[in-house]
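Listed below are the residues making up each chain.
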Amino acid sequence: MVVRFAPSPTGPLHIGGVRTALYNYLLARKHKGRFILRIEDTDQTRYVSGAEEYIIEALTWCGITFDEGPHVGGPHAPYRQSERKAIYAEYAHELVRRGWAYYAFDTEEELEAMRQKVKAAGMEAFQYDAVTRMYMKNSLTLPPQEVEERLRSQPYVIRFLMPRGREVRFYDEIRGWVSFHTRELDDKVLLKSDGMPTYHLANVVDDHLMGVTHVIRGEEWLPSTPLHVLLYEAFGWEMPKFAHLPLLLRPDGGGKLSKRDGDQLGFPVFPLRWKDPHTGEESSGYRERGFLPEGVVNYLALLGWHPAEDRELFTMEELIEAFSLERVSKAGARFDYEKAKWINQQHLRRAPIERLLPRVEQLWRERGLPPVSQLVLARLIELARERASLLPELIEAVRFFYERPALPLKEPLAEKLHGGVIALLPEIEALFQGISSWEAPLLEAKLKEWVKARGLPMGKVLLTLRLILTGEEAGPSLYAIMELLGAREVSQRIQRFQEVYGVPRGV
Ligand code: GLU
């Protein structure tokens, strides 16, 4: 099996593009095939600098790797279509010789005039096709000598000669049999006047030359497929299998999730942050939001594919094992950001600490928080990860560590303080001071013993102490919090509380 991902570098890679790349990757790895990255940059007017680098960086971040591509080389190099220009022109002329294409000389003004004329006559929008081609300036209507003459002296394009009255049928691995009538199709330009191929020609020629066996791409390319099928026929080449992936829909189901949706829906539609080189406009990315790549990959895999077993959490390896095109659905998949976060949370809980440490360290620094050792940070992550879906939330969840509570406490927290416990704070302080080794289990044992001896309600004692030490009513285990704060800080926070609340200091 040979599959490819063939993005056009016209901007940042949309999250739907990442899913297309992912499905291709999963199949290539599952079937021990090859995965090619091909940059389809023949439309120079839409080229955006930095887009190719972005695509590679985004996919690398996701753990999607290629066997061939502009960044890794390979036997079919070059992998940028702009560097393969000469190849396509040859094939386009070949099609003219075979009677499947023709030269057209109409200028932009002439085409526009024709469009206006057709519009004025109240007819359907003009398209260059089996009927209208006979009224245009091309090698089918002009005498051979004039054609020769024009080929030498003026710009021309090569158009596909769409056959009349044919039903083009092909099998789609996801949709089953699909058919189009050539009446609905126009004579697409294959080679432009600047000698560059259009998408259709370059795409088919390269898929053939690169030995692609499965074309797996977004549903928006389905209408192009009949032309591609005819191109394979015209060249006499064996056709690859086709699979068109369902659209990604907006959360309300109201249409396609597009690049333009940007941050308007409240969540990123790009894998990484992107700054538009022309407008300077910034769009947020999943990486910067604090997603783990394994979370994004797992979520995207489920957008349009259903595993055989009732299960939602997968690592990349498990996806490779479980994935198949048979279980990809035809219906569009609605994007669900809350679900994406939930899946990320599950991966955050499972990730090895060493993977999280560098990212959290970076966030810690960016927030300007006082330096801590890796050991302490690792323990903080352990404490926080039960309560976080995204990386920055890990830091939020251990706010107690770097921020003393704001005193006096505000309502409704203040009224949760237990007066009896507050009166006994000097005793608690003394109890803590007598502790031989400042560790959570010992702290727990001692405190419990004391609470029991004093006949106090355990829940109220813990809540009051939690409020005094963290200013919050919920959070990680209080004993773990105390251990991490250390004996001195705990004692200082208790003293500070007593000062603010006017409780007499202990011994
Ligand atoms: N260059 C096309 C794109 O931008 C490729 C479509 C295909 O995979 O054939 O998506």
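Our structure's up above, just so we're on the same page.
For clarity, every value in this text was computed on a predicted model and none was experimentally measured.

A. Structural detail: the sheet that holds strand β7 (residues 189-191). A sheet is described by the order of its strands in space; here three strands give the open sequence β3-β4-β7, paired in antiparallel fashion. Whereas interior strands pair on both sides, the edge strands pair on one side only; in this sheet they are β3 (101-104) and β7. Each strand axis lies, on average, 45° off the axis of its neighbour in the sheet, ignoring direction.

B. Inspection of the site of the ligand at higher detail. Taken together, Arg4, Ala6, Ser8, Glu40, Tyr199, Asn203, Arg217 and Trp221 make up the full set of residues adjacent to the ligand. One nitrogen or oxygen atom from the side chain of Tyr199 is found 2.9 Å from an oxygen atom belonging to the ligand. Take Arg217: an N or O atom from its side chain is 2.8 Å from an oxygen atom of the ligand. Contact with the protein chains covers 84% of the free accessible surface of the ligand, which is 290 Å². Split into classes, the residues belonging to the shell around the ligand amount to three nonpolar, two polar and three charged.

C. Looking closely at the nonpolar core. In terms of nonpolar packing, the biggest core is built from 61 residues, with Phe5, Leu22, Leu59, Ile64, Trp305 and Phe335 touching the most fellow members. At the level of elements, β1 (2-5), α1 (15-30), β2 (34-37), α2 (51-62), β9 (241-245), α9 (293-302), α10 (316-322) and α11 (337-350) are the ones that each hand at least two residues to this core. Per-element tally for this core: the top contributor is α1, with nine residues. In contact with Trp305, other than residues within four places in its own chain, are Tyr23, Phe314, Leu319, Ala322, Phe323, Ser324, Arg327 and Val328.

D. Just the packing of aromatic side chains, in detail. All told, the structure shown has 30 aromatic pairs when counted by the stated rule. For the pair Tyr103 and Tyr156, a centre-to-centre distance of 5.4 Å together with 90° between the ring planes defines the contact as edge-to-face. Taken as a pair, Tyr103 in strand β3 and Tyr156 in the loop between α5 (144-153) and β4 (157-160) lie far apart in primary sequence, 53 residues in all. The class for Tyr103 is buried, based on a relative accessible area of 13%. Considering the side-chain rings of Phe291 and Tyr337, the 5.9 Å spacing of their centres and the 50° angle between planes classify their relative orientation as tilted. One end of the pair, Phe291, is in the loop between α8 (286-289) and α9; the other, Tyr337, is in helix α11, with 46 residues separating them in the sequence. Assessed through its relative accessible area of 10%, Tyr337 is described here as buried.

E. Quick look at the pairing of β2. Across four bridges, the pairing between β1 and β2 is parallel. Each residue of the ladder has a partner; that of Arg4, found in β2, is Ile36. Once you follow β1 into α1 and on to β2, the crossover reads as right-handed.

F. Structural view of α9. Most of α9 sits out of view: nine of its ten residues are buried. Inspection of α9 places Pro293, Gly295, Val296, Val297, Asn298, Tyr299, Leu300, Ala301 and Leu302 among the buried residues, and these make up the whole buried set. Count one or two residues on from α9 and you reach Gly304, which has phi positive near 120°.

G. Molecular detail of helix α6 (residues 199-209). With nine of eleven residues buried, α6 is to be regarded as a mostly interior element. At its buried positions, α6 is contacted by β1, α3 (85-97), β7, β8 (214-218) and α7 (225-235). Immediately downstream of α6, the backbone of Gly211 shows phi near 70°, a positive value.

H. Region of interest: the pattern of salt bridges. Applying the stated criterion across every chain yields a total of 40 salt bridges. Salt-bridge contacts for Arg250 lead to Asp261; the nearest nitrogen and oxygen are separated by 2.7 Å. You can see Arg250 sitting in the loop between β10 (248-249) and β11 (274-275) and its partner Asp261 sitting in the loop between β10 and β11, a full eleven residues away along the chain. Taking relative accessible area as the criterion, Arg250 reaches 22% and is therefore assigned partly exposed. Residue Asp261 is classed as buried on the basis of its relative accessible area, which comes to 7%. For Arg399, the salt bridge is made with Glu396, and the minimal N-O distance between the two is 2.7 Å. For Arg399, a relative accessible area of 24% corresponds to the partly exposed category. Exposure remark for Glu396: the relative accessible area of 34% places this residue in the partly exposed category. Among the ionic contacts, a cluster of salt bridges with common partners joins Arg4, Arg38, Glu40, Arg84, Asp206 and Asp207.

What counts, and at which threshold
- Residues numbered from 1 in each chain as written.
- Predicted model: local features only at pLDDT ≥ 70, side-chain atom pairs only at ≥ 80, totals over all residues.
- Heavy atoms only, no water.
- Pairing = 2+ DSSP bridges.
- Helix = DSSP H or I, 4+ residues; strand = E, 2+ residues; numbered from the N terminus.
- Axes fitted to C-alpha atoms, helices over the stretch in contact; angles between N-to-C directions.
- Near = heavy atom within 4 Å.
- Polar contact = N/O pair within 3.5 Å; in protein donor to acceptor, adjacent residues only side chain to side chain.
- Areas by Shrake-Rupley, 256 points an atom, 1.4 Å probe, with all protein chains shown as cover.
- Nonpolar A, V, L, I, M, F, W, Y, C, P; charged D, E, K, R; others polar.
- Core = buried A, V, L, I, M, F, W, Y, C linked by side-chain atoms within 4.5 Å.
- Buried < 20%, exposed > 50% of the residue type's maximum accessible area, 1.4 Å probe, protein only.
- Contact = heavy atoms within 4.5 Å.
- Phe/Tyr/Trp six-rings, centres within 6.5 Å; stacked < 30°, edge-to-face > 60°.
- Right-handed = clockwise from strand over helix to strand, strands pointing away.
- Salt bridge = Lys/Arg side-chain N within 4 Å of Asp/Glu carboxyl O.

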